[in-house]
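Descriptive analysis of the structure
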Amino acid sequence: MSTAYITALMQADKKAIMLAAEHLKNDEVVAIPTETVYGLAANSLSDVAVKKIFAAKSRPADNPLISHISDMSMLKMLVDDVPADAVKLANLFWPGPLTLVLKRGGKVCNTACANMQTVAVRMPNHKVALDIIKAAGVPLAAPSANVSGRPSPTDANAVKADMDGKIPLVIDGGNCTVGVESTVLSLVGDEIVILRPGFITKEQIESAVNKEVSIAKSAENMPKEGEKVMSPGMKYKHYAPNTKIVLVGGSSKDYCNFVNKQTKGGQKVLALCFTDEKERLICPVVAYGKMGDDAEQARLIFAALREVDTHGADIAYAHCPNNYGVGSAVYNRMLRAASFEVLYV
Ligand code: TXA
Ligand code: MG
């Protein structure tokens, strides 16, 4: 299959939107920009269409997809009863990087939900994405547009690296402004649980619903072999470049000293560091944002993880981000990229 690339920047290009909608109505897969990361979209009411997403990504069939809507009336196609907390959260954070896991209803297909009784929904905060969903007239199931296990794509070139020849169309909407995937929040149990940390923080959610919210164990620990997890995606290897990554915790001074010492050994070392640390390191570096600027780190982390492999290093030492606020989302991605290997210096 040959892949077409069309640019549609924020001043939504009508031709690109119509072409995307046409493919989607024909049960085809289209890569679309969102504010978080690029998504691989198909009609979430169609098993035939959604199966093509799983094939293009080589995604395990038991990992459900998020359905994307363009307005509240579309929620009816996915969910029968919307709990009061969901209404509050949707009013506050949609369109935006928050995904709600709700009891499944409507006509959402089995493949999109991986046969679970729940459905994940979000309304993206991106003009092009919203226009495409609206033109398609149905919710769009869309996982991140990477091959399973690879870093999520935050620009059209990264989509091309993973999807060229596998899907008919990529809509290029420029760089994603958030850079990490949405916060995934379960509203189906007795308590509200964050299944995946993202740009909308625990503190923001707690103040919106006026109750405590917990974070699923699988968000921060590698699930044990066979352990049941609330969010199937959390049990898979994720975001990993081919280069081995080790996460290093400690002050800037201790991190730089440690990496410089490793550089003097026999291995080809790379530093995945903060911008402010570049000058103090003697090995090649990839920077992923200023220290303490968690929004910038979120925006840059996936491109940085992809860049790591271009250096041909034996090992990359990543300086550990802060694990609170938006930093929790960055930390969660970095931890997985490092296969949960953390060193404290
Ligand atoms: O920002 C985002 O969320 C991006 C953009 C494209 O919208 N999408 C995205 O999709 O990150 P994906 O498929 O890469 O990650 C979805 C996560 C997975 O960890 C999956 O297991 C979880 O959401 N998920 C989906 N449906 C679920 C459900 N019914 N119950 C629990 N977890 C669910
Ligand atoms: Mg993903």
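Small disclaimer: the values here were computed from a predicted structure and weren't measured.

Here we come to the overall build of the chain. Along the backbone of the chain there are nine helices and 16 strands. A compact globule built from 345 residues would reach a C-alpha radius of gyration of about 20 Å, and the chain, at 20 Å, matches this within 12%. In the chain, buried positions account for 56% of the 345 residues. Partitioning the intrachain contacts of the chain with sequence separation of at least 6 by distance along the chain shows that 68% fall at a separation of at least 24. Total accessible area on the chain stands at roughly 14500 Å², and carbon and sulfur atoms take up 51% of it. For the chain, the distance from the average position of its 38 positive side-chain charges to the average position of its 36 negative side-chain charges is 2 Å.

Judged by how many residues are buried, strand 13 (residues 269-273) sits mostly within the fold: five of five residues are covered. Relative to strand 15 (residues 315-319), strand 13 runs parallel, the two being bridged by four bridges. Looking across to strand 15, one finds that leucine 272 is bridged to alanine 318. In the sheet, strand 13 pairs with strand 14 (residues 285-287) via three bridges, with the strands oriented parallel. Residue pairing in the sheet places cysteine 273 in a bridge with alanine 287 of strand 14.

Let's shift gears to the pattern of salt bridges. Summed over the entire model, instances satisfying the criterion amount to twelve salt bridges. Here aspartate 131 makes a salt bridge to lysine 127, at a shortest N to O gap of 2.9 Å. Here aspartate 131 pairs with lysine 127, and both are found in helix 4 (residues 127-136), just four residues apart, close to one helical turn. According to the relative accessible area criterion, lysine 127 is partly exposed, its value standing at 42%. Between arginine 150 and aspartate 162 there is a salt bridge, with its nearest N and O atoms 3.1 Å apart. Linking arginine 150 in the loop between strand 7 (140-141) and helix 5 (156-163) with aspartate 162 in helix 5, this pair joins segments that are twelve residues apart in sequence. We classify aspartate 162 as buried; its relative accessible area is 5%. In the salt-bridge network here, residues are joined through shared partners; they are Asp85, Lys88 and Lys211.

Looking now at the site of ligand 1. Among the 26 residues in the neighbourhood of ligand 1, the closest are listed as Thr36, Asn63, His68, Ser182 and Gly233. Measuring from an oxygen atom of ligand 1, one finds a side-chain N or O atom of arginine 59 at 2.9 Å. For ligand 1, an oxygen atom lies 3.0 Å from a polar atom in the side chain of serine 144. For ligand 1, whose free accessible area comes to 680 Å², the fraction covered by protein is 97%.

If you walk across this open sheet you meet the eleven strands as 1-8-2-3-7-4-6-5-9-10-11, and the pairing is mixed. Edge positions in the sheet fall to strand 1 (4-7) and strand 11 (214-215), since each of these pairs with one other strand and no more. Where strand 9 (residues 183-186) and strand 10 (residues 193-196) come together, three bridges link them in antiparallel fashion. Each residue of the ladder has a partner; that of leucine 185, found in strand 10, is isoleucine 194. Packed on one face of the sheet, helix 1 (residues 14-25) meets strand 1, strand 2 (30-32), strand 3 (39-43), strand 7 and strand 8 (169-172) and runs near 150° to strand 8. Contacts from helix 5 reach strand 1, strand 2, strand 3 and strand 8 within the one sheet, and its direction differs from that of strand 8 by about 165°.

What counts and how
Per chain, the residues get numbers from 1 upward, laid out in the order the sequence is written. Naming scheme: in the order in which they are written, chains are lettered from A and ligands are numbered from 1. Given that the model is predicted, a residue must reach a pLDDT of at least 70 before its local features are reported, and side-chain atom pairs must reach 80 or more before they are shown or counted; all residues, however, enter totals for whole chains, interfaces and linings. Side-chain descriptors were evaluated using all non-hydrogen atoms of the structure, hydrogens and water having been removed beforehand. Strands here mean DSSP runs of E at least two residues long; helices mean DSSP runs of H or I at least four residues long; both are numbered from the N terminus. As a reference, a globule follows 2.2 Å times the number of residues to the power 0.38, and the radius of gyration itself is taken over C-alpha atoms. Throughout, exposure labels follow a simple rule: accessible area from a 1.4 Å probe, protein chains only, divided by the maximum for the residue type, with under 20% read as buried, over 50% as exposed, and the rest as partly exposed. What makes two residues a contact is simply this: any of their non-hydrogen atoms within 4.5 Å. The Shrake-Rupley method, run with a 1.4 Å probe sphere, supplies the accessible areas, and residue values consider only the shown protein chains as cover. When charges are counted, neither His nor the chain ends are considered; positive counts come from Lys and Arg and negative counts from Asp and Glu. For the purpose of locating charges, the reference atoms are NZ of Lys, CZ of Arg, CG of Asp and CD of Glu. Following DSSP output, two strands are said to pair if at least two bridges run between them. Every case where a carboxyl oxygen of Asp or Glu lies within 4 Å of a side-chain nitrogen of Lys or Arg is listed as a salt bridge. We define proximity as follows: a residue is near a molecule or strand when any one of its heavy atoms falls within 4 Å of that partner. Under this definition, polar contacts are N or O atom pairs within 3.5 Å; protein pairs additionally need one hydrogen-donor-capable and one acceptor-capable atom, and for neighbouring residues in sequence, both atoms have to be side-chain atoms. Inter-axis angles, ranging from 0 to 180 degrees, are taken between N-to-C directions of lines fitted to C-alpha atoms, where helices are fitted over the stretch in contact.

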